[in-house]
Amino acid sequence: MLELAWRGIAILHAGDKPPEVALKLAELLRGRGIAAYVFRNDALEMAWRCYDAIIFVEAIGGVVRLVCPLLRGKEEDPPVLVVERRGRYIVPLLGSHRGANELARELAPLLGAEAVITTAVEDAGAAPAEIFERVMLCGMDAAARLLVNKALKEGRRVCVRGRDPPAALRGYSQYGDQCDVVIDVGGQCAAVCCRPYDLFVGFGATSDAGAHEIVEAILGALSEMGASLSQVRAVASIRPVVSEVAAALGVPGILLRLEDLKNDECLSPSRAVEALGVPGVAEPAALAVAGRGGRLLYRKRARGRVTVAVAARL
């Protein structure tokens with residue numbers, strides 16, 4: 001899960017002073033290259049919209065009361081975990097199949113804690129369908145997820161056609177004989193369908209960064225995500241070099257104006273472009289070209305003189 005937390009993790013606490021465990025968690029996560037921020041509980045609604053997961057360091061009963069008014073459904077709610085204030089236990093509270101269990105398991109040895117896992121798919125030694133979607137950058141409908149998770153719980157053979165699943169994705173096999181359930185990633189979707197995300201890349205760069213350097217930064221970001229260049233529908237920036245970058249990548253390029261870069265509370269502020277009066281370039285550019293229904297998938301990362309962000313849309 002940690003390598004999939006491209007939008008970062010919010011760590012929340014009650015009171016004015018963050019517990020030592022909250023600060024330790026943030027430090028550990030940043031050491032793994034994850035954007036991790038510590039907030040008071042009054043930032044919950046923002047964190048709910050903007051981050052890949054939320055970790056509370058406080059009593060579980062209080063967390064239940066806090067999150068209940070925000071709940072919308074399994075497919076929308078972020079993973080929520082609770083860490084006991086001394087760091088002895090990590091409990092996935094919401095979104096167990098959407099990454100909370102994996103995150104608890106990965107954080108437990110770092111903290112010297114025990115992860116409390118209660119769901120059946122993980123107990124069977126498999127990664128749930130929701131994690132399959134995150135790793136493979138595709139989306140299923142609710143009925144398909146239920147079918148896949150049921151097969152995994154029962155120990156049946158789940159095969160993937162159209163793209164080989166990585167070995168780390170437990171419970172899934174390459175397409176072949178004796179498949180009980182077949183997931184089609186792209187293709188004709190004759191079986192269970194997982195539709196690949198359409199990806200939209202935004203970049204910012206210093207004035208002396210050339211097209212080749214920008215192309216390499218974009219390809220590096222896609223590789224980190226496990227994404228294919230064939231999924232990219234457009235690349236956008238306020239830099240005129242975008243046309244040269246797009247031609248090198250073989251995708252449409254969109255030159256944006258400053259007024260196209262809208263502010264959003266989920267975006268990472270950039271001091272480098274404060275004088276331009278915009279919140280940043282890479283993230284708002286990616287969201288601008290993704291259009292309605294687009295969401296930030298990969299929070300901006302600096303690669304030398306270039307920053308890259310990626311938005312997704314199904």
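Rules behind the numbers
- Residues numbered from 1 in each chain as written.
- Predicted model: local features only at pLDDT ≥ 70, side-chain atom pairs only at ≥ 80, totals over all residues.
- Heavy atoms only, no water.
- UniProt positions renumbered as here; feature names shortened; annotations may be inferred.
- Helix = DSSP H or I, 4+ residues; strand = E, 2+ residues; numbered from the N terminus.
- Domains from an automatic or database assignment.
- Buried area = accessible area lost by both parts, 1.4 Å probe.
- Salt bridge = Lys/Arg side-chain N within 4 Å of Asp/Glu carboxyl O.
- Polar contact = N/O pair within 3.5 Å; in protein donor to acceptor, adjacent residues only side chain to side chain.
- Axes fitted to C-alpha atoms, helices over the stretch in contact; angles between N-to-C directions.
- Parallel < 35°, antiparallel > 145°, perpendicular 65-115°, else oblique.
- Contact = heavy atoms within 4.5 Å.
- Left-handed = near helix turned anticlockwise from the far one by under 90°.
- Expected span 1.5 Å × (residues − 1).
- Buried < 20%, exposed > 50% of the residue type's maximum accessible area, 1.4 Å probe, protein only.
- Pairing = 2+ DSSP bridges.

Trainee: Can you help me understand the UniProt feature "domain: Cobalamin synthesis G N-terminal" (unreviewed entry) in the chain in this one?
Mentor: When the UniProt feature table is mapped onto this chain, "domain: Cobalamin synthesis G N-terminal" (unreviewed entry) is found at residues 43–121. For residues 43–121, helix accounts for 37% and strand for 22%, while the C-alpha atoms at its two ends are 32 Å apart.

Trainee: Explanation requested: the domain arrangement of the chain in the structure shown.
Mentor: Buried accessible area, meaning the area lost when the parts come together, often serves as the stated size of an interface. On domain assignment, one finds that the chain holds domain 1 (2–115), domain 2 (129–195) and domain 3 (198–313). Once you take the C-alpha centre of each, domain 1 and domain 3 turn out to be 28 Å apart. The largest per-residue losses of area from domain 1 upon contact with domain 3 belong to Trp-6, Arg-7 and Cys-50, which jointly make up 71% of the total buried on that side. At the boundary of domain 1 with domain 3, the tally comes to 0 salt bridges. In this structure, the connection of domain 1 to domain 3 is made through 4 residue pairs in polar contact (both at pLDDT 80 or more).

Trainee: Quick question: what am I supposed to make of the packing of helix 1 (residues 20–31) against helix 4 (residues 100–111) here?
Mentor: Each packed pair of helices is defined by two parameters, the angle between the axes and the distance between the axes. Where helix 1 meets helix 4, the closest approach of the two axes is 11 Å, and the angle between their N-to-C directions is 110°. Regarding the angle of helix 1 to helix 4, the classification is roughly perpendicular. Judged by residue contacts, Lys-24, Leu-25, Leu-28 and Leu-29 of helix 1 engage Leu-107, Leu-110 and Leu-111 from helix 4.

Trainee: Can you walk me through the packing of helix 8 (residues 211–225) against helix 9 (residues 242–249) in this structure?
Mentor: For the pair helix 8 and helix 9, the least separation of the axes is 9 Å and the interaxial angle reads 55°. Taken together, the axes of helix 8 and helix 9 are oblique relative to one another. Two packed elements cross with a definite hand, and for helix 8 against helix 9 that hand is right-handed. Across the interface between the two elements, Ala-211, Ile-214, Val-215, Ile-218 and Leu-219 of helix 8 pack against Glu-244, Val-245, Ala-248 and Leu-249 of helix 9.

Trainee: Please explain helix 4 as it appears in this structure.
Mentor: Turn by turn, an α-helix covers 3.6 residues, leaving residues three or four places apart pointing in a common direction. With 12 residues, helix 4 ought to run about 16 Å at 1.5 Å a step, and its terminal C-alpha atoms sit 16 Å apart, in line with that. Within helix 4, 9 of the 12 residues are buried, which leaves it mostly tucked inside the rest of the structure. Buried within helix 4 we find Ala-100, Asn-101, Glu-102, Leu-103, Ala-104, Glu-106, Leu-107, Ala-108 and Leu-111. In the stretch just after helix 4, Gly-112 is the one whose phi turns positive, near 70°.

Trainee: How should the sheet that holds strand 16 (residues 306–313) be read in this particular structure?
Mentor: To summarise the sheet geometry, strands pair through backbone hydrogen bonds and adopt either a parallel or an antiparallel arrangement. Read across the open sheet, the 5 strands follow the order 14-13-12-16-15; overall the sheet is mixed. Because the sheet does not close on itself, it has two edges, and the strands there are strand 14 (253–255) and strand 15 (295–303). Across this sheet, the average inter-strand angle for adjacent strands is 20°, counted without regard to direction. As defined by bridge partners, strand 12 (residues 198–205) adjoins strand 16 across 8 bridges and the pair is classed as antiparallel. Directly across from Gly-202, in strand 16, lies its bridge partner Ala-309. Across the face of the sheet, helix 8 comes into contact with strand 12, strand 13 (232–237), strand 15 and strand 16 while running at roughly 125° to strand 15. Helix 10 (residues 282–290) rests against strand 12, strand 13, strand 14, strand 15 and strand 16 of the sheet, and its axis sits at about 30° to strand 16.

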